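Here's the letter readout for the chains.
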Amino acid sequence: MFRSIFRLAQTSSRAIQVAAGKNQARVSAVTAPAVRKYSSVTVYPSDEEQDAAWVSYFENKDMDTYDFILGFMQIYREDLIPEPKIIQSALYACRRLDNLPLAMRVLEMVKNKCGPRKDIYDYLMQELKPTFDDLGLKTVEDYGLDQVAD
Amino acid sequence: MASSLLRVAFYRVALRRPLHVTAANGIYSYHPPRVGEDPNINMDFHESLITPLPVFPRTIGFEGELKTLKEKEKGDWKSLSAEEQMDLYNMYFSMSMADMCREKDDWKSVLGVISLVVAFSLWLHYFLHTQLLQPYPESCTNPEWAHEVIKKQIQFRANPITGYASMWDYENNCWKK
C-alpha cells in the first residue's frame, strides 16, 4: 500500500506538461508541490525531482507568456537560487516566446536572488555562458542594467 | 539615440502615472483600451520588486522603426546590437531592477511638509492669542491670586486629609514640618 502511494506521489510530482491547446487545459503552474500529505505518509519530493519538474515545465512548447510568468514567479518567491539548468530552460522558453526583454529581466531577477553571494552568481554565469553564446544574451553588467539610471 | 529618447519617454509616462490606476487591479492586470485612451500605452502596467514580471509590456502598439525592431526580435538575437536590445528592454519595461532598488529621498519631502504644517500652526497660535482672543483671566495669570486661594482653603479646612489643610499646622500658624 505504501509503495503504491509512493509511486502515485512520484508520478504526480512530475510536471503536468500536457496542455491540449490554449483554450483547453492550461499548463499547470503547480508543478512540484513542496509536500504531498496523505493520511498515512507525507511525501517530500526531493531536490532533483523538483529541478526536473521545473525544467520540464519550461520546456513545454505550448507555453504562454502568462504560464511563464506564473512559473518563474513561483521560483522567484522561494527562498532559494534556482539551478543553472532551470534558468537555462527558462531562457530557452523566452526564446520560444520571442521575448528578449523577458530574458533580460530573468537574468536581473536571478542576480537579485543571489544577493550578497557573488560566488554563487559567478558560478551561475559561468554555467550559463554556453546558453548566452547560443542565444545572443549578455550578462546584466554588460547591459548596464545594474547601474541606476539618472 | 533611440534608447535615450525611450528612457526620457519612460520617465514621462511611467513615473507620472497616478497610483490609483494600478492599485485597483491585481498584478496580472491588463485591460483593453478604454474609451478615449491611447491604445498604444498599457495603462495597467505595473512592476515592482515583488512583481517584476508584468504580463503585458509597457507599450503595446508600435510604429515605424520600433515595429521593424520588434520584427527583428523574432529572428536571431545575436543580430541585434546592444543598443537595439536596450531599446527593446525600454519598450517592454519602465525601469530596471536596479532602479527599483535605488534609495529614495522621500523623507526630505515628508520632513518639509511636516515643518510647514508645524510652522503654520505656530503662526496661527501667535495670531489668535495676540489679535483675536481675549487675554487670559487674572485667576490664571496672577500668582497672588493663587496664594489667596490657598489661604482660603486653609481657612475653610478644605480637603483636611490630603489637601492644603492637612499640611498646615493650625496651632503654630505655619506649614507642618
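All values reported here derive from a predicted model rather than from experimental measurement.

Here the focus is the packing of aromatic side chains. All names here are of chain B. A full pass over the atoms with the stated rule returns 12 aromatic pairs over all chains. An angle of 50° between the planes, with centres 5.0 Å apart, marks the rings of Tyr 89 and Phe 93 as tilted. Taking the relative accessible area as the measure of exposure, Tyr 89 reaches 1% and is therefore buried. Judged by relative accessible area, which is 0%, Phe 93 ranks as buried.

Next up on the list: the packing of helix α5 (residues 100–114) of chain A against helix α6 (residues 118–135) of chain A. Residues and elements named next belong to chain A. Where α5 contacts α6, the axes come no closer than 10 Å and their chain directions differ by 160°. Here α5 is positioned roughly antiparallel relative to α6, judged by the angle of their axes. In this structure, α5 meets α6 at a crossing whose hand is right-handed. Together, Leu 107, Val 110, Lys 111 and Cys 114 of α5 and Ile 120, Tyr 121, Leu 124 and Phe 132 of α6 make up the contact between the two elements. Considering only residue class, the contact of α5 with α6 consists of 7 nonpolar, no polar and 1 charged.

What follows is about the interface of chain A and chain B. Taken residue by residue, the interface counts 34 residues in chain A and 32 residues in chain B. Our count for the contact surface shared by chain A and chain B stands at 1 salt bridge. Note that Glu47(B) and Arg105(A) form a salt bridge whose closest N and O atoms lie 2.1 Å from each other. Run the count over chain A and chain B and you get 16 residue pairs in polar contact (both at pLDDT 80 or more). Of all the secondary-structure elements, those providing two or more residues to the side of chain A that touches chain B are α3 (65–77), α4 (84–96), α5 and α6 of chain A. The element that contributes the greatest number of residues to the side of chain A that touches chain B is α5(A), accounting for 9 residues. Along the lines of polarity and charge, the residues of the side of chain A that touches chain B split into 19 nonpolar, 5 polar and 10 charged.

Under the feature "transmembrane region" (unreviewed entry), the UniProt entry names residues 110–128 of chain B. Helix makes up 100% of residues 110–128 of chain B and strand 0%, with an end-to-end C-alpha separation of 27 Å.

Here we take up unusual backbone geometry. Across residues other than glycine, the phi torsion is negative in most instances, and most of the peptide bonds are trans. In this structure, Asn159(B) is a non-glycine residue whose phi angle is positive, near 50°. Its location among the elements puts Asn159(B) in the loop between α8 (143–155) and α9 (164–167).

Bringing the confidence of the model for chain B into the picture now. All names here are of chain B. Per-residue pLDDT for chain B averages 83, and the proportion of residues at 70 or more is 83%. Residue range residues 11–26 is modelled with pLDDT below 50. Its contacts to residues more than four positions away, or to other chains, number 17 contacts. In the model output, the complex is listed with pTM 0.66 alongside ipTM 0.71.

How each quantity is defined
In this numbering scheme, every chain counts its residues from 1 along its sequence in written order. Chain letters and ligand numbers both follow the written order, the letters beginning at A and the numbers at 1. Where totals are concerned, whole chains, interfaces and linings use all residues; where local detail is concerned, this predicted model gives features only for residues with pLDDT of at least 70, and gives and counts side-chain atom pairs only at 80 or more. The side-chain values count all of the structure's non-hydrogen atoms but skip hydrogen atoms and water molecules. By convention, a stacked pair of Phe, Tyr or Trp rings (six-membered ring in the case of Trp) has centres within 6.5 Å and planes under 30 degrees apart, an edge-to-face pair has planes over 60 apart, and any other such pair is tilted. To sort residues, take the accessible area from a 1.4 Å probe on protein chains only and compare it with the maximum for the residue type: under 20% means buried, over 50% means exposed, and anything in between is partly exposed. Convention adopted: a line fitted to C-alpha atoms gives each axis, helices being fitted over their contacting stretch, and angles between N-to-C directions are expressed from 0 to 180 degrees. The helix count covers DSSP runs of H or I at least four residues long, the strand count covers runs of E at least two residues long, and both are numbered beginning at the N terminus. Every angle not falling under 35 degrees, over 145, or within 65 to 115 is termed oblique; those three ranges are roughly parallel, roughly antiparallel and roughly perpendicular. A crossing counts as left-handed when the near helix is turned anticlockwise from the far one by less than a right angle, and as right-handed when that turn is clockwise. By the convention used here, residues are in contact when the closest approach between their heavy atoms is within 4.5 Å. Side-chain classes follow a simple rule in which Ala, Val, Leu, Ile, Met, Phe, Trp, Tyr, Cys and Pro form the nonpolar group, Asp, Glu, Lys and Arg form the charged group, and the remainder, Gly included, forms the polar group. One side-chain nitrogen of Lys or Arg within 4 Å of one carboxyl oxygen of Asp or Glu is enough to make a salt bridge. Here a polar contact means two N or O atoms within 3.5 Å. Within protein one must be a hydrogen donor candidate and the other an acceptor candidate, and residues neighboring in sequence count only if both atoms are side-chain atoms. UniProt positions are given in the numbering used here, feature names are shortened, and annotations may be inferred rather than shown by experiment. Along the chain, pLDDT gives the predictor's confidence residue by residue, from 0 to 100.

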